[in-house]
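Okay, here's what each chain looks like letter by letter:
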Amino acid sequence: MATLDSLREILSAQASRNNPGANYYYEFEILPFDLSIHAPDFMRAHFVLKDNKTLTADEINESEFKKAIYNWFFECERSKNINTDPAENRESVESFYRSLESVTEGKRIYHFKNVNEELYEYQLGINFDYFYIEGEASNFLIYFSAHG
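Here the structure is a predicted model, which is why all the values come from computation and not from measurement. (Residues numbered from 1 in each chain as written. Predicted model: local features only at pLDDT ≥ 70, side-chain atom pairs only at ≥ 80, totals over all residues. Heavy atoms only, no water.)

### Points about the overall build of the chain
Argument step 1. For the chain, the count of helices and strands is five helices and five strands.
Argument step 2. Scanning the chain from its N terminus toward the C terminus, one meets helices and strands in the order α-β-α-β-α-α-α-β-β-β.
Argument step 3. For the chain, the residues scored as buried account for 43% of the 148 residues in total.
Argument step 4. When contacts within the chain are restricted to residue pairs at least 6 apart in sequence, long-range pairs at least 24 apart make up 68% of them.
Argument step 5. Carbon and sulfur atoms form 46% of the exposed surface of the chain, whose accessible area is close to 8200 Å². (Helix = DSSP H or I, 4+ residues; strand = E, 2+ residues; numbered from the N terminus. Buried < 20%, exposed > 50% of the residue type's maximum accessible area, 1.4 Å probe, protein only. Contact = heavy atoms within 4.5 Å. Areas by Shrake-Rupley, 256 points an atom, 1.4 Å probe, with all protein chains shown as cover.)

### Quick look at the packing of aromatic side chains
Argument step 1. Per the stated rule, a full pass over the model turns up 22 aromatic pairs.
Argument step 2. For the ring pair Phe 28 and Trp 72, a centre distance of 5.8 Å and an interplane angle of 85° mean the geometry is edge-to-face. Here the residue Phe 28 occupies a position in strand β1 (residues 25-33), and Trp 72 occupies one in helix α3 (residues 62-74), the gap between them amounting to 44 residues. Trp 72 matches Phe 28 in its accessibility class, with the two residues each being buried.
Argument step 3. Ring geometry for Phe 65 against Tyr 97: centres 6.2 Å apart, planes inclined by 65°, an arrangement best described as edge-to-face. Remark: Tyr 97 occurs in helix α5 (residues 86-104) and Phe 65 occurs in helix α3; sequence separation between them is 32 residues.
Argument step 4. An aromatic cluster is present here, built from Tyr 24, Tyr 26, Phe 28, Phe 65, Tyr 70, Trp 72, Phe 73, Phe 74, Phe 96, Tyr 97, Phe 131 and Phe 144 joined pairwise through their rings. (Phe/Tyr/Trp six-rings, centres within 6.5 Å; stacked < 30°, edge-to-face > 60°.)

### Some thoughts on the nonpolar core
Argument step 1. Counting residues in hydrophobic clusters, the biggest one holds 26 residues, and the most contacted among them are Phe 65, Ile 142 and Phe 144.
Argument step 2. Residue assignment for this core shows that the elements contributing at least two residues are α1 (4-18), β1, α3, α5, β4 (127-134) and β5 (139-147).
Argument step 3. Counting residues in each nonpolar core, the second largest holds 15 residues, with Met 43, Leu 55, Tyr 130 and Tyr 132 among its members. (Core = buried A, V, L, I, M, F, W, Y, C linked by side-chain atoms within 4.5 Å.)

### Some remarks on the environment of Tyr 110
Argument step 1. Note on placement: Tyr 110 falls in strand β3 (residues 108-113).
Argument step 2. If near-sequence neighbours (up to four positions away) are discounted, Tyr 110 is found in contact with Ala 57, Asp 58, Glu 59, Ile 60, Tyr 130, Phe 131, Tyr 132 and Glu 134.

### Considerations on the sheet that holds strand β2 (residues 56-60)
Argument step 1. Spatially, β1-β5-β4-β3-β2 is the arrangement adopted by the five strands of the open sheet, whose pairing is antiparallel. Each end of this open sheet is capped by a strand with a single partner; those strands are β1 and β2. Pairs of neighbouring strands in the sheet enclose a mean axial angle of 25°, with direction left out of account.
Argument step 2. Bridge count for β4 against β5 is eight bridges, and the pairing is antiparallel. Counterpart to Ile 133 in the pairing with β5 is Phe 140.
Argument step 3. Against the sheet, helix α2 (residues 39-46) contacts β1, β3, β4 and β5, and its axis sits at roughly 125° relative to β1.
Argument step 4. Strand contacts of α5: β1, β3, β4 and β5, with the helix running at about 140° to β5, the strand carrying the most contacts. (Pairing = 2+ DSSP bridges. Axes fitted to C-alpha atoms, helices over the stretch in contact; angles between N-to-C directions.)

Shown next as structure tokens:
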């Protein structure tokens, strides 16, 4: 049975797998937050962001989310140079997504947009994707980022 800790372990392993021998690193994480908290407010508070009135979240479909997961798991740094079977990679993404779905009891997925627009909040990363999942009992912020 999947748990939040097992999802974190998978995300951490995938981030470590991608880390290059350079001056930056990958960070993949999932964080639960209360249903009563507005997702952009949670993100601002968690990352100590300046007020960014353009921080919005657009609903995305399952396919778009899986494509983002695939890109972060298998199209970054060292992972893209490993000769793995694309079908096997897709199955890994499917398995992760099913586990994520069972833990979050997700109803909708949102992708944060306009993050860093005209601001340089490097604590979010030099390359990143931030999503939130509207769950049954909690919401979840899941993110993929490269930091310099």
